[in-house]
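Examining the three-dimensional arrangement
Listed below are the residues making up each chain.
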Amino acid sequence: MLLPRARVGVWAAAAKVAQRRHRVDDAGRSQSPAAQSARAALYVHWPYCEKRCSYCNFNKYIPRGVEEAAVRRCLVTEARTLLWLSGVQRVESVFFGGGTPSLASPQTVAAVLEAVAQATHLPADSEVTLEANPTSAPASRLAAFGAAGVNRLSIGLQSLEDTELRLLGRTHSARDALQTLAEARRLFPGRVSVDLMLGLPAQQVRPWLRQLEELLRRCDDHVSLYQLSLERGTALFTQVQQGALPAPDPELAAEMYQEGRAVLREAGFRQYEVSNFARNGALSTHNWTYWQCGQYIGVGPGAHGRFMPQGAGGLVREARIQTLEPDNWMKEVMLFGHGTRKRLPLGELELLEEVLAMGLRTDVGITHQHWQQFEPQLTLWDVLGTSAEVDALLEQGLLLLDHRGLRCSWEGLAVLDSLLLTLLPQLQEAWQQKTPAPVPGVPAFQDSIPVMKYSASATGVPGTVLGTQRGIRPVP
């Protein structure tokens, strides 16, 4: 199903307007609890790839053939069902990730966006991002995605050295990457993000910095720096384990990160999150929702979500995971309207731990107002203000706790993991002092509940409860 011409025109115009907007200009301002529960971001997972990269352990599959029309129908059905279950009145952003979603047809992207716009309010200037690999994104295809409603691209360049790209198992060359980047910038000016990896086996600081400097001569207004993580079960992990490749040097990786963020700052980029840098206000609205612990709905095989199922009478935010394997996921969607495999209610302390850990990833940190939306009784001062360990971090200039709230300094942002080793136990201790001990004989809140399946009508609106399914994974 293609979007009607009028709808395509609206979306194309909205994308051009969005290019001139600072979509996160209210960063640091908190919404009311009612506004938070009425809004969500939407993540759509396309699980298929041309080949598996040597470092990747994401939920992806290399099929002999994909029945895209069937997958499209299931994505549309599940989006409708989960939007209904969530009860959200407004979707702030849509992110097509994977896998390699640029392998999907623009028709599939258009169909999902049309379904979302019919099920809830999708503003004309909502950020709609598509992850793209250079080999699956020629200019004509990128233009077609733009016509379908995409107004932002995230391109997985990863490296500008062909030897490193071969090591990573990428299917593109450095020349391919730069050509795709140039075409993307022409079609989506000011709305193109690029990824660059660091900490590869045998990688050295100076050559990597030259890559970054070359990228800065070619890139748009958003750059993400990601350190390689060797994941068990990947080809790269096996090669390092067997001695075929040297293990990445964590000290060199730390130096690359520190040098790289300094180069980006000098080039006018704001480090608004641990791994993400933007200039001219080109922050990612979608990812900002994650870091602010907003609601998000995950659609597609293995997708994750966090939302309160208000449409089904739910009063507690849940972590939800969709069935991993695409064929099984499709069967469940066709039977029940969605493929949710596991639901995990989030307790109040668990949610506060996420607010702390995710919020401190940003340069804004956690404002007092934002914290109070999740915890109206314990203030940040109550949690951290009397701790000698936190005082030491404040004295070292790694943290700031003042009238604005809690945030990392420039130096602290680079060592956030170590700071959380102090901050999270402080939160847990303060929470225990606030919370009464459980009453004997009263059952504690369960940490998991059965998944309730719903039938779906032809319009995708859930019908009657059919039964439950046993429980059994975050995606970008």
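Residues numbered from 1 in each chain as written. Predicted model: local features only at pLDDT ≥ 70, side-chain atom pairs only at ≥ 80, totals over all residues. Heavy atoms only, no water.

**Focus on the pairing of strand E3 (residues 127-132)**
- Of all six residues making up E3, six are buried, and the element is well covered by its neighbours.
- Residues Glu127, Thr129 and Glu131 line one face of E3 and the alternating positions Val128, Leu130 and Ala132 line the opposite face, and both faces are buried.
- As paired strands, strand E2 (residues 90-98) and E3 are joined by four bridges and run parallel to one another. Among the inter-strand pairings, phenylalanine 96 is bridged to a residue of E3, identified as leucine 130.
- Taking the sense of rotation as the criterion, the β-α-β connection linking E2, helix H4 (residues 106-119) and E3 turns out right-handed.
- Of the pairings in the sheet, the one linking E3 to strand E4 (residues 152-158) comprises four bridges and is parallel in character. (Buried < 20%, exposed > 50% of the residue type's maximum accessible area, 1.4 Å probe, protein only. Helix = DSSP H or I, 4+ residues; strand = E, 2+ residues; numbered from the N terminus. Pairing = 2+ DSSP bridges. Right-handed = clockwise from strand over helix to strand, strands pointing away.)

**Let's talk about the pairing of strand E6 (residues 222-227)**
- Pairing of strand E5 (residues 192-198) with E6, which is carried by six bridges, proceeds in the parallel orientation. What sits directly across from serine 193, in E6, is histidine 222.
- Where the polypeptide runs from E5 across helix H8 (residues 205-218) and back to E6, its parallel neighbour, the crossover connection is right-handed.
- The pairing of E6 with strand E8 (residues 276-278) spans three bridges and is antiparallel. Note that in E8 the partner of valine 223 across the bridge is phenylalanine 277.

**Considering the environment of leucine 264**
- Take leucine 264: it is sitting in helix H10 (residues 250-266).
- A relative accessible area of 0% means that leucine 264 is categorised as buried.
- Once you skip the residues sitting within four places of it in the chain, leucine 264 turns out to touch Leu212, Leu216, Val223, Leu225, Phe269 and Phe277. (Contact = heavy atoms within 4.5 Å.)

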